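Below, each chain spelled out in residue letters.
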Amino acid sequence: EWSYSDIALANGEQAVGTGIFCCQPRHCEGHAYSESIPMGKTAMSEAEVLALVALLKKEWPVQAYSMLRKNCCHFSDELCLRLGGGSVP
C-alpha cells in the first residue's frame, strides 16, 4: 500500500524529501480503516509501477503537503489515475 503524508517532526525542524511511503495494506500506523475499495488491476509491470512511484516521489515532496489541497487522498487519486484505474470514489 502506497501513501503520502507530512512527516511528524520536532518543533522547528523542516521536513525534507518525499512524503511518499509504503506499508502493509490496512496496517498504516496512525490510521483507522473502515473498508478497502478495489480499484481494479493495472496493465503496468512491476518495474513500470516502481518507476511511476519514483517519478511521483519527485512530484510529491513532503514540503508540498497540505491537509486541504495535497494530502493522502489526492495522492491516492493521482496514483490510481496514472495506474489506469480511474479516480478514487
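Residues numbered from 1 in each chain as written. Predicted model: local features only at pLDDT ≥ 70, side-chain atom pairs only at ≥ 80, totals over all residues. Heavy atoms only, no water.

Participant: So what exactly am I meant to see when it comes to the nonpolar core here?
Facilitator: Soluble, globular proteins show a tendency: their nonpolar side chains are buried together. In this structure, Tyr4, Ile20, Leu52, Val53, Leu56, Trp60, Phe75 and Leu79 together form the largest nonpolar core, which totals eight residues. When residues of this core are traced back to their parent elements, those giving at least two are helix H1 (46-59) and helix H2 (72-83). In contact with Trp60, not counting residues within four places along its chain, are Tyr4, Thr18, Gly19, Ile20, Lys70, Asn71, His74, Phe75 and Glu78. (Core = buried A, V, L, I, M, F, W, Y, C linked by side-chain atoms within 4.5 Å. Buried < 20%, exposed > 50% of the residue type's maximum accessible area, 1.4 Å probe, protein only. Helix = DSSP H or I, 4+ residues; strand = E, 2+ residues; numbered from the N terminus. Contact = heavy atoms within 4.5 Å.)

Participant: Mind showing me how you'd approach the packing of aromatic side chains here?
Facilitator: Two aromatic rings, taken as a pair, are described by how far apart their centres are and by the angle between their planes. Under the definition given, this model contains four aromatic pairs. Taken together, a centroid distance of 5.6 Å and an interplanar angle of 40 degrees make the contact between Tyr4 and Tyr65 tilted. On the criterion of sequence distance, the pair formed by Tyr4 in strand S1 (residues 2-4) and Tyr65 in the loop between H1 and H2 is long-range, its members being 61 residues apart. Taking relative accessible area as the criterion, Tyr4 reaches 1% and is therefore assigned buried. Here Tyr65 falls in the partly exposed class, since its relative accessible area comes to 22%. With a centroid separation of 5.5 Å and 80 degrees between ring planes, the pair formed by Trp60 and Phe75 is classed as edge-to-face. Here the residue Trp60 occupies a position in the loop between H1 and H2, and Phe75 occupies one in helix H2, the gap between them amounting to 15 residues. (Phe/Tyr/Trp six-rings, centres within 6.5 Å; stacked < 30°, edge-to-face > 60°.)

Participant: Sorry, what's going on with the confidence of the model for the protein chain here?
Facilitator: Reading predicted coordinates in detail is not appropriate for stretches of low pLDDT. For the protein chain, per-residue confidence averages 85 on the pLDDT scale, and residues scoring 70 or more make up 89% of the total. Confidence scores differ between elements of the protein chain, with S1 showing the lowest mean pLDDT of 79 and H1 the highest of 94. (pLDDT = per-residue confidence, 0-100.)

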